[in-house]
Amino acid sequence: MESRKIIGRDSEMAELQRCLDSDRSELVIVYGRRRVGKTFLIDQFFNETYDFTFVGGHKLSQRIQLRNFAKALKKAMKERTMRKFDDWFDAFDTLEEYLESLSSARKKVVFIDEMPWIDSLRSNFTEAFENFWNGWAARRTDIMFIASGSATSWMIDNLVENQGGLHARITSQIYLRPFTLNETEQYLQGRGCLWDRFQIAQCYMFFGGVPFYLSLLDTKDSLAQNVDRLCFARGGALRLEFDELYNALFTNADKYVDIVRLLAERRSGMTSSEIAKTTSIDGKRLAKMLNNLERCDFIMKFRYYGKKSKDVIYKLTDFYTLFYIKYIEIYKDSYDEQWWQHHLASHSVESWQGLTFELLCLMHIRQIRQALNIGGVATEVSAWFDKSDKGGTYDVDNIVGGHQKAVRGSQIDLIIERADRIIHLCEMKFSQGEYRITADYEEKLRNRMALFKEKTKNKQTLVHTFVTTFGVANGKHSSLVHSEVTLDGLFIV
């Protein structure tokens, strides 16, 4: 049932096919952040042909949800009148009655989309669904029930980690992530886009690999024109996306927004204790919120080199969120509908590009390892920051509103430690051409390596690895570069 319209998602489609071909009933959970393409994947795989399908409505009462469910069942059952359900137990009893009337010689496919939105306040939806699955569907061999939703925290808490009637009942979990650079390139080329990899990488730095955002691009125009049209022009499709994004995913969305705004200010990352101190969110609640944000691909956690596993730093990794807070939110009402094109050459944009390219690299660590020919070597990834280096040069964090904050200390955002006792200290640099290492920068890197070795008491081989757009230019200061990864390396499958 696969469709050629689907980019990537090979393992996900293989899993759907496995469930369809199995000799038991399957309860399949498909989850991931909003706009990542969950519904598209399922619709395309099944050619939008289901025995029954229903989409939950956002912020609708149980009465309205039940009415809409009855309407969908009326259509599926080809009945002339619509039934009235008092609760979700009635609704699932009727679904069971309908499915029993169909041929038992094939799998019956049921797709419920945006399931978290159905479970409204004081709803008995989850209990009724548990009863339907455990009491009927799981005892058969011919049901494939697919549940999907963007509210990942609900999907995990109520389905995947359910400690009640659905405990250990999920037969398959499919977690959909944003596209990689390679998949983004495939998607854009499929739409007739002629942009080169440098432009596609820049596009990723605005919108990440979120398929819906990419679908809004008019590839006949330049990337800068698209950014202005979507983000700064009146009626731009992404001007209001920020509020909708978090409110659709989380209850008490304001607290989640507080966390992502804080992490947007501290691009180098923060520990959970630092976040707790600033936001006044208690530890247990904060841990759950950070977990939910990580599950939705908004943040990533990195181990501090040489520290215990609990000493992790969290970084905001959602490209759209970062761009919205940094620019859209501040300048969307400036009456300049070509704001981005008018500021492309500014120092602020140059600084933003450098920091965002670093993030792009961190999202493609697997590709970096492959480009370095160490894909088959066991590795650990971490970051390191030494605040005690009072004599060191300033490292600069980009701050909301165009301001900058200088922080003394030595920092390495990406360390790849190999099992064969080689450690790559990675530098990630965005430039319009080959990157040139100056005498001052060479000295800084050599001093930082010495400090890292001293502070960590490291006995392993340390090497400098540069990840750049077009490579490092040959020169007398480039001899410290042990290995390189260019933009093409980030596009490895």
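Residues numbered from 1 in each chain as written. Predicted model: local features only at pLDDT ≥ 70, side-chain atom pairs only at ≥ 80, totals over all residues. Heavy atoms only, no water.

Q: Would you explain the sheet that holds strand β4 (residues 143–149) in this entry?
A: Where strands meet in a sheet, backbone hydrogen bonds hold them as pairs that are either parallel or antiparallel. Across the sheet, which stays open at both edges, the 5 strands sit in the order β2-β3-β4-β1-β5 with parallel pairing between neighbours. Each end of this open sheet is capped by a strand with a single partner; those strands are β2 (52–55) and β5 (172–175). Strand after strand, the sheet turns through a mean of 15° between neighbouring axes, direction not considered. Sheet strands in contact with helix α1 (residues 10–21) are β1 (26–31), β3 (108–113), β4 and β5, and its direction is about 160° off that of β5. (Pairing = 2+ DSSP bridges. Helix = DSSP H or I, 4+ residues; strand = E, 2+ residues; numbered from the N terminus. Axes fitted to C-alpha atoms, helices over the stretch in contact; angles between N-to-C directions. Contact = heavy atoms within 4.5 Å.)

Q: For this particular structure, what's the right way to read the pairing of β5?
A: Each regular strand shows side chains that alternate between the opposite faces of the sheet. Every second residue of β5 is oriented toward a common face, the buried set being S172 and I174 and the non-buried set Q173 and Y175. Taken together, the 4 bridges between β1 and β5 define a ladder with parallel strand orientation. Across the sheet, residue Y31 finds its bridge partner in β5, namely Y175. (Buried < 20%, exposed > 50% of the residue type's maximum accessible area, 1.4 Å probe, protein only.)

Q: Quick question: what am I supposed to make of the environment of D254 here?
A: For D254, the position within the fold is in helix α13 (residues 253–265). Along the backbone, D254 and E127 are 127 residues apart, and their C-alpha atoms lie at a distance of 29 Å.

Q: So what exactly am I meant to see when it comes to a positive patch on the surface here?
A: Taken together, the side chains of R63, R67, K71 and K84 make up a positively charged region of the molecular surface. Within the secondary structure, K71 sits in helix α3 (residues 62–77). (Patch = residues over 30% accessible without salt bridge, like charges linked within 9 Å, V, L, I, M, F, W, Y side chains within 5 Å. Areas by Shrake-Rupley, 256 points an atom, 1.4 Å probe, with all protein chains shown as cover. Salt bridge = Lys/Arg side-chain N within 4 Å of Asp/Glu carboxyl O. Lys, Arg positive; Asp, Glu negative; His and termini not counted. Charge placed at Lys NZ, Arg CZ, Asp CG, Glu CD.)

Q: Is there a simple way to think about the pattern of salt bridges in this case?
A: Pairs may arise between side chains of opposite charge once their charged atoms sit close together. Tallying each qualifying case throughout the model produces 28 salt bridges. Salt bridges sharing partners connect three or more residues here, namely E15, R18, R24 and E26.

Q: Whenever I open this one, the sheet that holds strand β7 (residues 312–316) confuses me. Can you help?
A: Judged by pairing direction, the sheet is mixed, and its 7 strands sit side by side in the order β7-β6-β8-β11-β12-β13-β14 without closing on themselves. Only two strands of the sheet have a single partner each, and these edge strands are β7 and β14 (481–485). Within this sheet the neighbouring strands show an average axis-to-axis angle of 40°, counted without direction. Strand direction decides the pairing type here: strand β6 (residues 299–304) and strand β8 (residues 379–386), joined by 2 bridges, are parallel. Paired with R303 across the strands is S382, a residue of β8. Packed onto the sheet, α13 meets β6 and β7 and runs at close to 95° relative to β7.

Q: Quick question: what am I supposed to make of the nonpolar core here?
A: Proteins that are soluble and globular tend to have nonpolar side chains buried together. Within the largest apolar cluster, 88 residues are counted, with the highest numbers of intra-cluster contacts made by F207, Y246, F323 and W340. Excluding residues within four positions of it along the chain, Y246 makes contact with A253, V257, V260, L293, F298 and T321. In terms of nonpolar packing, the next biggest core, distinct from the first, is built from 40 residues, F85, V110, A128 and F129 among them. (Core = buried A, V, L, I, M, F, W, Y, C linked by side-chain atoms within 4.5 Å.)

Q: Hey, could you run me through helix α8 (residues 181–190) in this one?
A: Think of an α-helix as 3.6 residues a turn; residues three or four steps apart then line up on the same face. The buried fraction of α8 amounts to 7 of the 10 residues, a majority that puts the element mostly inside the structure. By the burial criterion, the buried members of α8 are L181, N182, E183, T184, E185, Y187 and L188. Remark: G192 follows α8 within two positions and exhibits a positive phi of approximately 80°.

Q: So what exactly am I meant to see when it comes to the confidence of the model for the protein here?
A: One rule of thumb: low pLDDT means the predicted coordinates there are not for detailed reading. Taken as a whole, the protein shows an average pLDDT of 90; of its residues, 94% reach a score of 70 or greater. Across residues 389–408, confidence stays below pLDDT 50; counting only partners more than four residues off in sequence or on other chains, it has 49 contacts. (pLDDT = per-residue confidence, 0-100.)

Q: It is not clear to me how the packing of aromatic side chains should be interpreted in this structure. Could you clarify?
A: The relative placement of two aromatic rings is captured by the distance of their centres and the angle of their planes. Counted under the stated rule, the structure contains 53 aromatic pairs. An angle of 50° between the planes, with centres 5.1 Å apart, marks the rings of Y305 and F452 as tilted. Remark: F452 occurs in helix α20 (residues 439–456) and Y305 occurs in the loop between β6 and β7; sequence separation between them is 147 residues. Here the two residues Y305 and F452 agree in accessibility, since each one is buried. Each member of the aromatic cluster is reached from another via a ring pair, and the members are F52, F54, F69, W88, F92, F125, F129, F132, W136 and F145. Just above the ring of F302 sits the side chain of K315; from NZ or CZ to the centre is 5.5 Å. (Phe/Tyr/Trp six-rings, centres within 6.5 Å; stacked < 30°, edge-to-face > 60°. Lys NZ or Arg CZ within 6 Å of the ring centre and 35° of its normal.)

Q: Help me understand the side chain of N134 in this model?
A: Turning to its location among the elements, N134 is positioned in helix α6 (residues 125–135). At 3.0 Å, the side chain of N134 and the side chain of R169 are in polar contact. Ignoring any residue separated from it by four or fewer positions in sequence, one finds N134 in contact with R139, G165, L166 and R169. (Polar contact = N/O pair within 3.5 Å; in protein donor to acceptor, adjacent residues only side chain to side chain.)

Q: It is not clear to me how the state of the cysteines should be interpreted in this structure. Could you clarify?
A: Disulfide: a covalent bond formed between the sulfur atoms of two cysteine residues. Across all of its chains, the model carries 0 disulfides by this definition. Of the cysteine sulfurs around C193, a residue in no disulfide, the closest is that of C203, at 7.7 Å. (Disulfide = S-S within 2.5 Å.)

Q: What is the right way to read the pairing of β1 from this model?
A: Of all 6 residues in β1, 6 are buried; the element is thus mostly enclosed. Burial of the side chains of β1 extends over both faces: E26, V28 and V30 are buried on one face and L27, I29 and Y31 on the other. Of the pairings in the sheet, the one linking β1 to β4 comprises 6 bridges and is parallel in character. Looking across to β4, one finds that V30 is bridged to S148.

Q: How do you make sense of helix α12 (residues 241–249) when you look at a structure like this?
A: Every buried residue of α12 is accounted for by E241, F242, L245, Y246, A248 and L249. In a view along the axis of α12, the buried residues occupy a sector of 165°, so they form one face of it. The secondary structure elements touched by the buried residues of α12 are α5 (115–118), α7 (152–160), α10 (211–215), α13, α15 (283–295) and α16 (319–331). (Arc of directions from axis to C-beta.)

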